[in-house]
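# Structural overview for review
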Amino acid sequence: MSPDRTDHTPKIVGTAWGLLILNTLGSAGAKTIVPLPRSLIQMVTMGALVAAFALALAVNLRLRIRASAFVLLLTLLLVPSVISSADLESGFGAVFRCARLALFVGTLWLLSRWWDGGLTFVRHHIRMYFVVLGSVAAGLLISPGAALPELYGGRLVGALWPLTPPQIGQYAAVIIGLTVLLVLGRRTDGRSAAVVIVPALVLLALTHTRTATLGLFIGLALAIGSLVLTSAAARRFFAWAVLCAAVAAVGFGSALQAWFLRGQSQENFTSLTGRAKVWDALLAAPRSTSEYLFGAGLGDKSFGGLPIDNSWLAVYHEQGLTGIALVAAIIIVLGGVALLRPPSLSRACAIFLISYCAIASYTEAGLGDASPYLLHLAVAASLLAAPAAATPLSSPDVPRRHIPRWAQRSEVT
C-alpha cells in the first residue's frame, strides 16, 4: 500500500478543493426551508470558484504544475466549447459557462502540483461531501416535510441548500465507497468510518437513487477485486459482501424490488423515467456540420426544456463529436493507467471513482462541464500520478543554510 503523503500539502489546498466542490453543487433543486434566490446561489457558487482559483494561485505563485493527461484533455475540451459558444446561438450564458470551465480547469492545473499518488485529495473529498450531507441531514431534522416533498415522490432533497435526490445519492455513494476502501487499506479506524458510512447509507436509501446505488456496488466490487490478490482484508470483505447480498436477495427480495421500482409503472421504468423520449428527440433533431462537430454551445444540459440526463448525449449536444472523443479519451486514459498500476489502495480508490463516473454517465450529465463528476475524476488522476521526485539539496528552490567560517573550522578540527 502506498503511504499517505499529506504532510507537505498546505491546508489552503484543502480549502481550495472545498470551494471547487461548493461551485459544483448547482443552483437548481428543491424548494428550501428559507427560499434562496437563484441569483444569490449563483453568486455564492461562482464566488467560490473565483476564490478557489485565487487561493490555488496564491499557494502556487511559481506556477508549478504536474504533467497530467487528464487536465490536458480537459483543456482541449475547451476548444469545441469555445467554438460552439462563440456564435452566441445559445446566448451569452454559453460564453459565461466557457469562462467558468476555463477557470475550473485552471484551478485544477494549479492544484496538480500536489497530485502525488497519495490519499490527500481522497480525504479532502470525503470531508467536504460529508459536510454537504450534514446540511442535508440537518434539513431533514428541521423540516421533514420540506426534505421529503411529494413533488419528488417523497425522495430526500436538500431543504437548506437546493439539492436534488440524484445529487445527494451521488455524494453519499462516493464517500461510502471511498471510506470502505480506506478501512480495508487500514488508513482509518472502524469507528471513524462508521460515523461516515452509516448516516450516508441512510441518506442514500432515502433518496431512492438507483444510479448511485448501482454505481456504489459495482464500483466497490471492481475496486475490491483489484485488491483481492494482495489484501486479506479485501478477500474477507468480498466474501462477507457476497454472503450478505445473497441473504438480502432471498430474505428481502420484494422490499428491494419495491425500493428499486419506486412505485413506477413498467412503461415508465423501461423508458428510464422518460429519459429515453428526450434522448430520441435529441438524436433526431437536424444539425449543421458545425453543430455535428462542435455542438450547440455550453448550456444547462437540457433539450426542449427537459433535462438530457446522459453525459454522452449532453456532450454531443453541446460540444459535438469532438467533445465526445475527448471525454471518451479521458475515461480510457484514466482507466488504462489504473489497469497498468500495481495493486494498491490508491489504485483501488481510482478504479472505484472511474467506474462510478462511467456508470453514472448513462443517466446523469456532467462529464463535459464543471461538475462533481470531473472532481471525482480529478481525484482519480491525483491517485494515479507518480510520486514527485525528492528535491535535491542543490536545487535553487531550497536555500542552503549559511555556515559561518568559524563553525566550518571547528567542524574540520
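What counts as what
Residues numbered from 1 in each chain as written. Predicted model: local features only at pLDDT ≥ 70, side-chain atom pairs only at ≥ 80, totals over all residues. Heavy atoms only, no water. Salt bridge = Lys/Arg side-chain N within 4 Å of Asp/Glu carboxyl O. Helix = DSSP H or I, 4+ residues; strand = E, 2+ residues; numbered from the N terminus. Buried < 20%, exposed > 50% of the residue type's maximum accessible area, 1.4 Å probe, protein only. Contact = heavy atoms within 4.5 Å. 1 Å grid on protein atoms, 1.4 Å probe; cavity = no way out; pocket = protein on both sides within 12 Å on 5 of 7 lines; lining within 4 Å. Points joined across faces, edges and corners; volume = space filled by probe spheres on them. Nonpolar A, V, L, I, M, F, W, Y, C, P; charged D, E, K, R; others polar. Polar contact = N/O pair within 3.5 Å; in protein donor to acceptor, adjacent residues only side chain to side chain. Expected span 1.5 Å × (residues − 1). Core = buried A, V, L, I, M, F, W, Y, C linked by side-chain atoms within 4.5 Å.

Below, the discussion takes up the pattern of salt bridges. One pass over the full model with this rule turns up four salt bridges. Between Arg275 and Glu364 there is a salt bridge, with the nearest N and O atoms lying 4.0 Å from each other. Here Glu364 lies in the loop between helix H16 (345-360) and helix H17 (372-384) and Arg275 lies in helix H13 (residues 275-284), a separation of 89 residues in the sequence. Summarising the burial analysis for this pair, Arg275 and Glu364 share the class buried. Among the salt bridges present, the one from Glu318 reaches Lys301, with a minimum N-O distance of 3.1 Å. Here Lys301 lies in the loop between helix H14 (289-294) and strand S1 (302-303) and Glu318 lies in helix H15 (residues 311-340), a separation of 17 residues in the sequence. Residue Lys301 is classed as buried on the basis of its relative accessible area of 16%. Linked by salt bridges that have partners in common, Arg275, Asp309 and Glu364 make up one network.

Bringing the environment of Ile126 into the picture now. Tracing the chain through its elements places Ile126 in helix H5 (residues 120-142). Considered as a pair, Ile126 and Ile176 are 50 residues apart in the sequence and their alpha carbons are 8.6 Å apart. Apart from residues lying up to four places away in sequence, Ile126 is in contact with Ile175, Leu178, Thr179, Leu182 and Val196.

All right, on to the environment of Lys31 then. Relative to the elements of secondary structure, Lys31 occurs in the loop between helix H1 (11-23) and helix H2 (38-59). On a C-alpha basis, the gap between Lys31 and Leu160 in space is 8.7 Å, while along the polypeptide they are 129 residues apart. Once residues lying within four places of it in the same chain are set aside, the contact partners of Lys31 are Ala146 and Gly158.

Another aspect to go through is empty space enclosed by the protein. Summed over all chains, the structure comprises one cavity of 30 Å³ or more. Put simply, the largest cavity is a space of about 30 Å³. The wall of the largest cavity is formed by Pro166, Gln170, Thr209, Thr211, Ala212, Tyr356, Ala360, Glu364 and Tyr373. If you list the elements that add at least two residues to the lining of the largest cavity, you get helix H7 (165-184), helix H9 (210-225) and H16. A breakdown of the residues in the lining of the largest cavity according to their chemical character gives five nonpolar, three polar and one charged.

Let us look at the side chain of Lys301. A polar contact is formed between the side chain of Lys301 and the backbone oxygen of Gly299, at a distance of 3.1 Å. A distance of 3.1 Å separates the side chain of Lys301 from the side chain of Glu318, its partner in a polar contact. Those residues within four positions of Lys301 in sequence are excluded, and the remaining contacts are Pro307, Ile308, Ala314, Glu318, Ala365 and Asp369.

Let's shift gears to H9. Look at H9: 22 Å from first C-alpha to last across 16 residues, which is about the 22 Å you get at 1.5 Å a residue. Buried residues of H9: Arg210, Thr211, Ala212, Thr213, Gly215, Leu216, Gly219, Leu220, Ala223 and Ile224, and no others.

Mapped onto the elements, Ser84 comes out in helix H3 (residues 69-85). Only 3.4 Å separates the side chain of Ser84 from the backbone nitrogen of Gly297, close enough to count as a polar contact. With residues near it in sequence (within four places) discarded, Ser84 still touches Phe294, Gly295, Ala296, Gly297 and Glu318.

Attention now moves to the nonpolar core. Of all hydrophobic cores here, the largest spans 102 residues; its most connected members are Trp17, Leu20, Phe70, Leu108, Trp115, Leu181 and Leu377. At 12 residues, H7 tops the list of elements feeding residues into this core. Among all residues touching Leu377, those that are not within four sequence positions of it are Phe70, Ile330, Ile331, Leu334, Leu353, Ile354, Cys357 and Leu367. One finds Leu282, Ile308, Ala314 and Tyr316 within the second-largest nonpolar core, a separate group that totals six residues.

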